[in-house]
Structures are given as structure tokens and as C-alpha cells.
Amino acid sequence: MSKRKLIAGNWKMNGNLAANEALVKELLAGIGQPACDVVVCPPGVYVAQLQGLLAGSPIELGVQNVSTHENGPFTGDVSADMLKDFGVRYAIVGHSERRQHQAESDVHVAIKAKRALAAGITPIVCVGETLREREEGMTEFIVKRQLAAVIHLNGHCTSEIVVAYEPVWAIGTGKTATPEQAQSVHAVLRAQLRAATEQADRVRILYGGSMNAGNAAELLAQPDIDGGLIGGAALKAPDFLKIIGAAA
Ligand code: PGA
């Protein structure tokens, strides 16, 4: 089934007021009318700046995290409703860097997805195996376990999420999964979604992990790869624009 692809930039903890403005201006100067959906996810503190810069443009605003709570005594947290106030449309949840450094569990990730959905924000749920897990033949087990937690908590609303398959060994390493490796995991995830919801074919499954201007077209040509979640290459306007062009 062909659907509009989604290209998402994950800026991680990079940027500042001046650099963000320069990057967005360069993107807007080159983007024209993209044939795919495009979102950038700056560090949370810059959502107000980005809301202003992106107003009326074809680029939507996302964030890299959302609280598991709705409001109250949760020092340092930012809720989905607060993000919605600033025009946030997407929230990455369960990125492997947060699973690893912030000890986010599958259940935390599922709750974050639920909070986002309740606020009208589309969660981009990240799943992926480490190199060791791949070498031990655990890839399918790991990604299915991670997605199962989200399906279990979100029921039929699962059709409203975006999934991102990001093999941990490919993130920031320059070591991309081959199109065949990525497609085979995407097919597993698609089958799992089909078992959970009749609307599974609507769900966009992104690939992430060293996607760049040179390898994007081949990855995006796979039948179950519906877009990309891009880290390093999203910080360079010409590269990000090439990836957007490859998602036509
Ligand atoms: P990368 O990061 O493109 O720099 O590998 C992707 C991600 O972590 O989302």
C-alpha cells in the first residue's frame, strides 16, 4: 500500500538559537513542496523558537521525549498537553539513547505513547536491537517485545502511531542496515501490527540508523519502509533535503 512517507529529523542535544535559525532557513529555502511529510525534532527547550520559524511552512514540529505523567509534582518533566500548546505534532518515544541512559522500560515507552496520543500528538515509537542481540539471533524477539508493550496499552489506537525501527548498532555509527536487513524487520513489525489492528497498513514504519543522502533512496524503496528517522544527516540542510527528495 502506498502512503505518504514521513521524514523525521532527530536533532538530539544539538543546536542553539542561532544555529537552529540558520538550519531552518536553509531547509525552508530548499524544500519547495515536498512529496512527503517532514518533521524536525529539536531539543525541547527550543519548541517555541521552532514554532515561530516553521509557522506556515511544510515542516512540522516534533520533540524527542514526553512525560509519562499528565501534570503535577514531576520535577523536570514536560507533559504532552504543554507540548501541544506549542504546536508540537510528533513526539519520539523510546529512543534507544533514552532506553539506555535514562533506563526507560517498555512500559514507560508505552505510557509515553498513550500520553502523546491523548494530547493529539503522534508518537514515533522507536524499537531496535543491540549488536549483541542481533548476533545472538534475538532481533525479532526484541523488537516484537518492545512493540507489544505499546500495542497492549494502546489497543486500537495503535493505528495512530508511527513506528521507527532503529537498530542500535546502526545509530550514529555510519553502519547502516542493508535494505534487505531493514525490510525483513519491517515486515515482522508490519505482521505484528496486522495482528493487532485492522488499520495496520496505515501505520508508517520508519527506518533509522545512519540513513544519509547516499543510502536513503535504496532504503526508502523497500515495500515496508515508509520513511526515515534521521540523526546526524538532519543537522546538515543539503543532506536532509536530499533525503526528503528521495522520499518522493
Ligand atoms: P543517526 O541517528 O542518523 O545519526 O544514526 C538516528 C537516530 O538516532 O534517530
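Quick caveat, the model's predicted, so the values are computed rather than measured.

Caption draft 1: Focus on empty space enclosed by the protein. One pass over the full model with this rule turns up 1 cavity of 30 Å³ or more. Considering the residues around the largest cavity, the lining is formed by Gly-94, Ser-96, Arg-99, Cys-126, Val-127, Gly-128, Gln-146, Glu-166 and Val-168. Those elements giving two or more residues to the lining of the largest cavity turn out to be α4 (96–101) and β5 (122–127).

Caption draft 2: Quick peek at the sheet that holds strand β4 (residues 88–93). Spatial strand order, β1-β2-β3-β4-β5-β6-β7-β8: 8 strands in a closed barrel with parallel pairing. Here the strands of the sheet are splayed against their neighbours by 25 degrees on average, with no regard to which way each runs. In terms of strand pairing, strand β1 (residues 6–10) meets strand β8 (residues 227–230) through 4 bridges, oriented parallel. Bridge pairing in β8 places Leu-6 opposite Gly-227. On the sheet, helix α5 (residues 106–118) packs against β4 and β5 and is oriented at approximately 165 degrees with respect to β5.

Caption draft 3: A look at the nonpolar core. In this structure, Ile-7, Leu-50, Val-163, Leu-189, Tyr-207 and Phe-240 are the most contacted members of the largest nonpolar core, which totals 63 residues. Looking at this core element by element, the count peaks at 5 residues for helix α7 (residues 139–154). Excluding residues that lie within four positions of it along the chain, Ile-7 makes contacts with Cys-36, Asp-37, Val-38, Val-39, Leu-220, Gly-227, Gly-228, Ile-230, Phe-240, Ile-243, Ile-244 and Ala-247. Counting residues in hydrophobic clusters, the runner-up holds 12 residues, among them Leu-6, Ala-8, Ile-92 and Ile-124.

Caption draft 4: Representation of the layout of surface pockets. A volume near 560 Å³ is recorded for the largest pocket. The wall of the largest pocket is formed by 23 residues, among which Gly-44, Gln-64, Asn-65, Val-66 and Arg-98 lie closest to the centre. Among the elements that line the lining of the largest pocket, the one with the most residues is α4, at 3 residues. A per-class count over the lining of the largest pocket returns 8 nonpolar, 10 polar and 5 charged. Roughly 240 Å³ of volume is contained in the second largest pocket.

Caption draft 5: Inspection of the pattern of salt bridges at higher detail. Within this structure, the stated rule accounts for 18 salt bridges. Taking the shortest distance from any N to any O, the salt bridge between Arg-204 and Asp-37 comes out at 2.8 Å. Taken together, the residues span a long stretch of sequence, with Arg-204 in strand β7 (residues 204–208) and Asp-37 in strand β2 (residues 37–41) at a distance of 167 residues. Of the charged contacts in the structure, one is a salt bridge between Glu-104 and Lys-112, with a shortest N-O distance of 2.6 Å.

Caption draft 6: Seen up close, the packing of α7 against helix α8 (residues 179–196). It is the contact of α7 with α8, at a shortest axis distance of 10 Å, that shows an interaxial angle of 35 degrees. Handedness of the α7/α8 crossing: right-handed. Counting all contacts with α7, which are made through Thr-139, Glu-140, Val-143, Lys-144, Leu-147, Ala-148 and Ile-151, the residues of α8 involved are Val-185, Val-188, Leu-189, Gln-192, Leu-193 and Ala-196. Looking at the contact of α7 with α8, its residues break down into 9 nonpolar, 2 polar and 2 charged.

Caption draft 7: Up close: the site of the ligand. By nearness alone, 13 residues border the ligand, and Lys-12, His-95, Glu-166, Gly-172 and Ser-210 come closest of all. Here an oxygen atom of the ligand and a side-chain polar atom of His-95 are 2.6 Å apart. Gly-231 is positioned such that a nitrogen or oxygen atom in its backbone is 2.8 Å from an oxygen atom of the ligand. Given that more than half its atoms are within 2 Å of the pocket grid, the ligand belongs to the second largest pocket. In terms of residue class, the shell around the ligand is made up of 4 nonpolar, 7 polar and 2 charged.

Caption draft 8: Highlighting α5. Taking 1.5 Å as the rise per residue, α5 with 13 residues should run 18 Å; its terminal C-alpha atoms sit 19 Å apart, in good agreement. Of the positions making up α5, those classed as buried are Asp-106, Val-109, Ala-110, Lys-112, Ala-113 and Ala-116. What you see down the axis of α5 is that its buried residues fit within an arc of 160 degrees, all on one side. Along α5, the residues that are exposed and aim more than 90 degrees away from the buried face are Val-107 and Ala-118. In this structure, the buried residues of α5 make contact with α3 (80–85), β4, α4, β5 and α7. Once α5 finishes, Gly-120 follows within two positions and takes phi at roughly 80 degrees, a positive value.

Each value, and the rule that gives it
Residue numbers here run from 1 along each chain, matching the order of that chain's written sequence. At least 70 in pLDDT is required for a residue's local features to be given in this predicted model, at least 80 for side-chain atom pairs to be given and counted, and no such filter applies to totals for whole chains, interfaces and linings, which use all residues. Heavy atoms throughout the structure, all of them, feed into the side-chain values; hydrogens and water do not. Only protein atoms enter the 1 Å grid, on which a cavity is a set of points fitting a 1.4 Å probe that cannot get out and a pocket is an open set with protein on both sides within 12 Å along at least 5 of 7 lines, lining residues being those with an atom within 4 Å of a point. Grid points are joined across faces, edges and corners, and a volume is the space filled by probe spheres set on the points. Helix and strand assignments follow DSSP, with helices taken as H or I runs no shorter than four residues and strands as E runs no shorter than two, numbered in order from the N terminus. Strand pairing is defined by DSSP finding a minimum of two bridges between the two strands. A fitted line through C-alpha atoms represents every axis, and for helices the fit uses only the stretch in contact; the resulting angles, taken between N-to-C directions, go from 0 to 180 degrees. Here, two residues are considered to be in contact whenever any of their heavy atoms come within 4.5 Å of each other. For the purposes of this section, nonpolar cores are sets of buried Ala, Val, Leu, Ile, Met, Phe, Trp, Tyr and Cys residues that join through side-chain atoms within 4.5 Å. Each residue gets one of three labels from its accessible area relative to the maximum for its type: buried under 20%, exposed over 50%, partly exposed in between, using a 1.4 Å probe on protein chains only. Here the nonpolar group is Ala, Val, Leu, Ile, Met, Phe, Trp, Tyr, Cys and Pro; Asp, Glu, Lys and Arg are the charged ones; every other residue, Gly included, is treated as polar. Salt bridge, as used here: a side-chain nitrogen of Lys or Arg that lies within 4 Å of a carboxyl oxygen of Asp or Glu. By convention, the crossing between two helices is left-handed when the near helix turns anticlockwise from the far helix through less than a right angle, and right-handed when the turn is clockwise. Residues are labelled near a given molecule or strand when at least one of their non-hydrogen atoms is within 4 Å of it. For this analysis, a polar contact is any N or O atom pair within 3.5 Å, provided that within protein one partner can donate a hydrogen and the other can accept it, and provided that sequence-adjacent residues contribute only side-chain to side-chain pairs. Each molecule is checked against the cavity or pocket grid, and it sits inside if more than half of its atoms lie within 2 Å of the grid points. Expected helix span is taken as 1.5 Å per residue step, with the number of steps being one fewer than the number of residues. Here, the arc refers to the directions that run from the helix axis to the C-beta atoms.

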